[in-house]
Amino acid sequence: MTVTEVLAGPPSVVTEPTGSAVAGSTAPRRETGMAATALALDYQRILSVLETEAGLQGMRCQQLATALGRVARWARRTTSAAPTKC
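Since the structure is predicted, the reported quantities are computational estimates derived from the model, not experimental observations.

Q: Could you give an account of the environment of Thr-4, naming the residues involved and the relevant values?
A: Take Thr-4: it is sitting in helix α1 (residues 3–8). Taking the C-alpha atoms as reference points, Thr-4 and Leu-56, separated by 52 residues in sequence, lie 8.6 Å from one another.

The following block contains the structure:
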């Protein structure tokens with residue numbers, strides 16, 4: 001499922017995560033009727049930004065990072081991968 005398909009659905013309500021949602025955990029498989037509370041708090045924050053008017057119009061990585069209060073910067077180049085932004 002793409003981000004566009006997820007955002008086309010009804011908005012989710014972001015609340016405190018349940019006991020199973022732990023920071024740094026992997027995202028569970030999406031099921032019909034699943035609430036955003038099934039996700040770890042960091043993923044819930046990302047969804048809340050993407051559900052805003054600006055997010056629905058599309059955001060670049062740097063814009064998303066800024067909306068989350070992070071500093072967007074170039075990643076260091078390693079010998080095994082090309083540099084990535086954000």
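Q: Now, about the environment of Thr-66: what can you tell me, with residues and values included?
A: Within the fold, Thr-66 resides in helix α4 (residues 61–67). Owing to a relative accessible area of 53%, Thr-66 belongs among the exposed residues under this scheme. Within the local environment of Thr-66, its side chain forms a polar contact with the backbone oxygen of Gln-62, the two atoms lying 2.9 Å apart.

Definitions and cut-offs
Residues numbered from 1 in each chain as written. Predicted model: local features only at pLDDT ≥ 70, side-chain atom pairs only at ≥ 80, totals over all residues. Heavy atoms only, no water. Helix = DSSP H or I, 4+ residues; strand = E, 2+ residues; numbered from the N terminus. Buried < 20%, exposed > 50% of the residue type's maximum accessible area, 1.4 Å probe, protein only. Polar contact = N/O pair within 3.5 Å; in protein donor to acceptor, adjacent residues only side chain to side chain.

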